[in-house]
Structure formats: structure tokens, C-alpha cells
Amino acid sequence: EAIYAYDFFMSGDQSAASEWQWAGGDSTAVIPLRRDLALQAMGNVKKGGFGRDAMRIFGEILGEDSPLSTNALLGLAHSLEHDGDWQSSIQLLKGFLDSVHRERSTKWRILSDALELNKSDNVNDEETLTRSEQNDLLANILASVMRVCYYEGQYGLAILLCSIANNSYDHDWVDYKENETAKAILSQKIVVENDQILEAYIQSLYGLGCRRIVDELLNESQNGRNITVFMPRGSRQKRFTHAESWINAFVAMGRVLEATNAIRLEGSNISHESRLLFERGLGRAMDHCIDSEQPAAALYLFDHASAIVAKKDSSLAERFKTFFGVDDASDYKKTSEAIFQSDDAIDLKSLRLSDPVLAAIIKAHGKMGQSENARSAFYDGTLHSDDSAIMTQSANNTLEALLDIDIDECMSFLDAMDVECVNPSTFVLIAKRYAQNGTWPKIGEVYNRARSAGCISEELGLITMQAVCESELLDGKIVIIRKIVEDINRLVGMKSIDWINAKYWGIKRYVGFHHARLLMRWDDPATSQKEELLFAINEMRKCAREGITTKNAPLECIVRIAQVYGTEGKIEIALSEKQRRSAVNLILEACVEANRSGLIKKHTFTTEVVRSLRALKANKECIQVVVRNVISKGRKCRHRIAMEEAMYAALEERDHESLQLITDVFEKSGFD
């Protein structure tokens, strides 16, 4: 209703003018209090949809150098949050820090009491926010920005922005050990003094898969015990695999921010050696962010560092550009850029960037699906580079980005690349894309180019072997494959048979069982299955003797074709009792090893196990595997087929206790 009233007033309907004389005078004259209340109302609409209008009103306020209240600024922040506009939210936070805390741009006129707005002509510095009020407002804006970031999957950005804001909230830098991540987080006053920021921090860590750090924070924080952790929308279980990468990123970012703060406080320009060390550290931190699937955090770290360091180094000032504007699809990107203008915007075209930093920028854009920006970054960043500069990482990252634009342009780029920039990964990237597209004949051309350049690798060899198998050649495939194997053997310094034995399971994934068995010289199709089974058994037992975890492939092979063990190589209609018992024991032995490696947790593996045991009429062993390994904790599980087969086995064996146990878990898991 408040927004409706504001819009109605702004429409200039003079027939109702007498109803809108809020402060006297012209009914259509926009006074600060009206706009202030409108911003507050927009921020309270949780369904969103008012971010653009709120930005427009805020732009008018800044354009007229009018004051606004703290609640109005929070209304703007909440409007952007409800719209999911994390880019503009970050710009708001950056603008607030620059204006209020760093005083590097036009100072925003912010008052704590909205009722004082109409007295703005008499506002002076003494009537603006106190340091405590500034910190409270900073904490509230930061919390809103962190929330919208983790809701939109930008977990790393939320954490990075918290570290940056903490430096304005509390100027003391606290040293900590690298393995004490939780203590480092709790050393930030803005985190420990504001529950909403602690909660947003924990949610972001959870989104990054850092469960151990979350548990430590909840245990060590006095306020953390009341926080309920949930997964934001769009998050995936696979993020948990990137926890270690993010911890490395957190440590590296901390070093960059500490160095950036020291450079900011230092009066003189930094030396050439210090600049190179700083850029190397910045590039490493950005790489860790990208490895943890947080490329936007990498780009913002770059922007933040450049804005500060460039002021201390005139050459560096020409080697950075700003982060914002990454989403070309944003409807009001131009509006937000006009409102939050930065004095630090510098074009990449002026001079070169160092290879590690430029490579990280290109890679980050590529990870964000901005291949055109990645290509532009390379050409702009190397426009005036020295002839002696070898941009190996940047060139290869650009080549990868070009694969998403046009593979023909990628190949032209490869032709123009400096020979010193080419390495094995260059050709692997191209071969993978051709394989993904099913353009198998082109992979042979890539392999021959790599061979001429001395850039063969095992991975490229395996992809090329797959291409040979997928080709339309009628004869001679195995001959070509053996020649590729010989090239790889010369590369790794191994005999052919030793390399094939060591890589058999990987080779099989690429070329299939038929060509893999021919490489192994298992030439008789009638006995080749048993040959593979014996090979898998030997590998499993060797690993067990040496205390090494057995790979998944040999264990999967054993449980799938254990029936041929003790036979002449074929699955017979009726096995002897001795043969049957040997096959059952072999499957149980594989299950023991699978339990050590964690393979037993895969429902596809347990499905093969129970089916083989049921085929061997080993009902008791089938029940035993499911009860001990699948439902031992009595919790929900995804092993539907394994539980079903075990229930049938229990019925046949009249094992009512096991049947009830399995049925309970089956129903608890949502199956019927």
C-alpha cells in the first residue's frame, strides 16, 4: 500500500492533490521523506520485483545530493536481495564502503532518523552517522549481500566480501595459523558481533562443502548453537568435493588481503620485486577460487586488489580492470553502473598483465560461461606485451574458451600460438572437445600434430585409441592402437606389456573389452572372460597383501562374472558345488575389499553383488551382505534392488527376522 501510494503520488493526479500534501507545497514535488519511505516499503516486499525501482529512486537521491535514512538504504539492499540481484547488491556494499568508510568517492548523506530528512538543508557532519552507527549499518548491508550471494550459489563471494568488510569494521589484522580456519573466521569482529553474518557465513561454508569447518564454528561460537544449517536452492552434493580447494583459497585470499592492506597503508610505491610477488600470490588465490567453482570470487578479489594496489604502482594501474558488469543479461546493469561509478575502472588494453593473473581472469570468465569475455581479456591483456613475454597459461586458457565459441577459430588460434606456449594439455583439450562432439576423425589429426610437436601424453593417447575404435575402419584397428601404445611406452619408459597391465582398466573404459583383450593377448574369445577375471583377482589380492586399496574396476569385474571362476571359461548351466562355493567366496572377498574402499556404498555395485549371489543360489550370503553392509545403520538408503533381492532371499530362507529388518529400512527409504 505504501508503494501504491508513492506511485499514485508520482503520477501527478492533481484531482487528488489535496490528499498528498504530506509536507506542504507542490503535491508532485518529491521530498526526501517520501522517497525514503518508498525505499523502506520496497525492501519489505519479500516476493521481490522492486529492485529496479529502488535503484532508480536511489539514483535520484544521489543525483540530487539528498540525504536518506539508514532504513532506506537497508530497504534498497533488501530489494536487491529479494530480486536475487547479487551483482548490484555487491555494488551497493562496495559503494557504501568507498563512500562512508574509505571516503574515496562522493560521500553519501546518511541519517539515522528518517524524520530528520526534511531538515536536510541544515544537516552537517556532526549530525551524520557515528562510527558505531556506521558499523551497524555495514553489518546489516553485508548480511543482506551475503544472503543473496549464497542463495544464488556465490558462496565464495559471500565469504570474501565478509573479510573485506571486516577490515573497515575493525582495522586490526589478526594473525593465525593456516590450519586454524575456524579460529581465523572467528577472529573477524564483524562475524562474532553479528549473528546474522555468522549464520550467512556458515550457510556459505556449507554450500562450499566445508562441513568440518562448519562443525568447528558451531562448537566454538557462543551464538552458533542456535543456527539451523540448510542447503540453498541450486546447490549440489558435488560441491562437497571442493571443500579442500576452498580452504586453500581462503588461506591464499587472506594473504592477498593482508598484503593489500599493507600496501594501502604504506606511503611509498611498491618495488618491482614486491609487485611480481604480489601478482603471483594473487594469481594463486584466484586459481584456488576457480578450482572450488567460485570464479566470481576470483574476479572480485582481482578487482579489490587492483583498486588498492594500482594507487601505489603506476604501472600496475594500467594492468587491471574492474569486475562488475559480468552479467550482460542483467536488465538494469547500465543503471547500476551509472549509480555506482568507480574511479578505479582501468582498461586492460593499456599494458600487459602478468601471465598468472591474466590466465586466472580468462579461466574465471570461461568457468562463468563468458567465453567472449575470456577471449577479449586475452587480446586486451596482451595487446602491448613484450615479444619476449611467453603467456603460456593465458594462451591455453583462451584456447579452452574458444572451444565454446567456435572450434575452427580455436584451431586457427592454435596455428598462431607461440611454439613455447604449446604443451600436452593443449592438445588434450581439443581432443576432448572433438570426442564430446563425436568428431572422431579429427582426433587423429590432433594426435599427429601433438606427435610432431613432442606433446604426446597418456590421456591424449587413450582418447586417440578410442577414436580409432569409433572410426569406420573395417580392418587394422588393433594395429593402429598398438602403434599408439608404442608411442606412449617411449614417453613413459615402460615395456608395452607392463604399461598395458598397469593401465588395463582405464584402457578398457576407452576402447571396450574386445580391443582391450586383444592388447592383453587374450586372443581366444571363449576364455577371455575368465582371463580377465583371473587378472582382476590377482590385482585384488596383490593390493590386499600390500595394504593398498583396490580400485573399483577389478572388484566390479569380480562380482559380475565370478560364476566363470573354476570353469573352463564359460558360464555353465549347472556348476558343481565346489565351483559354486568358490564363486560365492570370491564375491564375499570382493565385498570385504569394497567395504574398505567405500565402493560398497554404491547401489550399482550392491545390485551386481546380490544378483550374482542370487544366481548362485547363495541366499544366506545375499542376506548377510545387505544386513551387514547396506542397512547396518538402519537409516534410509538408495540400494532399492539390493534390498528387494535380499527380501526375496529371506522369504525363501524363511528368515523372518532379517526380512522384517530389511522391510523396515525399505519402507523408511520411501520404497513400496
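Residues numbered from 1 in each chain as written. Predicted model: local features only at pLDDT ≥ 70, side-chain atom pairs only at ≥ 80, totals over all residues. Heavy atoms only, no water.

## Focus: the overall build of the chain
Inference 1: The helix and strand tally for the chain stands at 32 helices and two strands.
Inference 2: Buried positions account for 52% of the 672 residues belonging to the chain.
Inference 3: Looking at the chain alone, contacts between residues at least 24 apart form 69% of all its contacts between residues at least 6 apart.
Inference 4: Accessible surface, the chain as shown: approximately 32,200 Å² in total, 47% of it carbon and sulfur. (Helix = DSSP H or I, 4+ residues; strand = E, 2+ residues; numbered from the N terminus. Buried < 20%, exposed > 50% of the residue type's maximum accessible area, 1.4 Å probe, protein only. Contact = heavy atoms within 4.5 Å. Areas by Shrake-Rupley, 256 points an atom, 1.4 Å probe, with all protein chains shown as cover.)

## Quick notes on the environment of Phe 671
Inference 1: With respect to the helices, strands and loops of the structure, Phe 671 is situated in the segment after α32 (656-668).
Inference 2: Taking the relative accessible area as the measure of exposure, Phe 671 reaches 18% and is therefore buried.
Inference 3: Note: C-alpha distance between Phe 671 and Glu 644 (27 residues apart in sequence) is 9.8 Å.
Inference 4: Residues within four places of Phe 671 in sequence aside, it is in contact with Cys 637, Arg 638, Arg 640, Met 643 and Phe 666.

## Brief notes about the pattern of salt bridges
Inference 1: The final tally for this structure, using the stated rule, is 26 salt bridges.
Inference 2: Among the ionic pairs, Glu 372 bridges to Arg 375, the shortest N-O distance being 2.2 Å. In this pair, Glu 372 and Arg 375 are both assigned in helix α18 (residues 371-381), three residues apart and thus about one turn of the helix distant.
Inference 3: Using a relative accessible area of 42% as the deciding quantity, one classes Glu 372 as partly exposed.
Inference 4: Residue Arg 449 is joined to Asp 415 by a salt bridge in which the shortest nitrogen-to-oxygen separation is 2.6 Å. Taken as a pair, Arg 449 in helix α22 (residues 440-453) and Asp 415 in helix α20 (residues 407-416) lie far apart in primary sequence, 34 residues in all.
Inference 5: Connected through shared salt-bridge partners, Arg 35, Asp 53, Arg 56, Glu 60 and Glu 64 make up one network. (Salt bridge = Lys/Arg side-chain N within 4 Å of Asp/Glu carboxyl O.)

## Points about the side chain of Thr 426
Inference 1: For Thr 426, the location among the structural elements is in helix α21 (residues 424-437).
Inference 2: Not counting residues within four places of it along the chain, the set of residues in contact with Thr 426 comprises Asn 396, Leu 399, Leu 414, Met 417 and Cys 421.

## Observations concerning unusual backbone geometry
Inference 1: If you check the backbone angles, Arg 521 has positive phi at about 65° while not being a glycine.
Inference 2: Within the fold, Arg 521 resides in the loop between α25 (496-519) and α26 (528-546).
Inference 3: Phi at Arg 654 is positive, roughly 55°, even though this residue is not glycine.
Inference 4: Relative to the helices and strands, Arg 654 resides in the loop between α31 (640-653) and α32.
Inference 5: Given the relative accessible area of 70%, Arg 654 is considered exposed.

## Focus on the packing of helix α19 (residues 392-403) against α20
Inference 1: Running from N to C, α19 and α20 cross one another at 160°; their axes reach a closest spacing of 7 Å. In terms of orientation, α19 and α20 fall into the roughly antiparallel class. Crossing geometry of α19 relative to α20 is assigned as left-handed. Together, Ala 395, Thr 398, Leu 399, Leu 402 and Leu 403 of α19 and Ile 407, Glu 409, Cys 410, Phe 413 and Leu 414 of α20 make up the contact between the two elements.
Inference 2: Residue classes in the contact of α19 with α20 are distributed as eight nonpolar, one polar and one charged. (Axes fitted to C-alpha atoms, helices over the stretch in contact; angles between N-to-C directions. Parallel < 35°, antiparallel > 145°, perpendicular 65-115°, else oblique. Left-handed = near helix turned anticlockwise from the far one by under 90°. Nonpolar A, V, L, I, M, F, W, Y, C, P; charged D, E, K, R; others polar.)

## Overview of the packing of helix α7 (residues 155-169) against helix α10 (residues 195-207)
Inference 1: Two numbers describe how α7 lies on α10: the axes approach to 8 Å, and their chain directions differ by 140°. In terms of axis orientation, α7 runs oblique to α10. By crossing handedness, the relation of α7 to α10 is classed as left-handed. Where α7 approaches α10, its residues Tyr 155, Ala 158, Ile 159 and Cys 162 are matched on the opposing element by Ile 197, Tyr 201, Ser 204, Leu 205 and Gly 207.
Inference 2: Considered class by class, the residues forming the contact of α7 with α10 number seven nonpolar, two polar and no charged.

## Some thoughts on helix α13 (residues 272-291)
Inference 1: In this model α13 runs 29 Å from its N-terminal to its C-terminal C-alpha over 20 residues, within 8% of the 28 Å that 1.5 Å per residue would give.
Inference 2: Along α13, the residues classified as buried are Arg 275, Phe 278, Glu 279, Gly 281, Leu 282, Gly 283, Ala 285, Met 286, His 288, Cys 289 and Ile 290. (Expected span 1.5 Å × (residues − 1).)

## Quick look at the packing of aromatic side chains
Inference 1: Per the counting criterion, the structure on display carries 12 aromatic pairs.
Inference 2: Ring plane angle 80° and centroid distance 6.5 Å describe the contact between Tyr 379 and Phe 413, whose orientation is recorded as edge-to-face. Here Tyr 379, found in helix α18, pairs with Phe 413, found in helix α20; they are 34 residues apart in sequence, far enough to count as distant.
Inference 3: On the basis of relative accessibility, which here comes to 39%, the residue Tyr 379 falls in the partly exposed class.
Inference 4: For the pair Trp 505 and Phe 535, a centre-to-centre distance of 6.0 Å together with 45° between the ring planes defines the contact as tilted. Taken together, the positions of Trp 505 in helix α25 and Phe 535 in helix α26 put the pair 30 residues apart, joining distant regions of the chain. (Phe/Tyr/Trp six-rings, centres within 6.5 Å; stacked < 30°, edge-to-face > 60°.)

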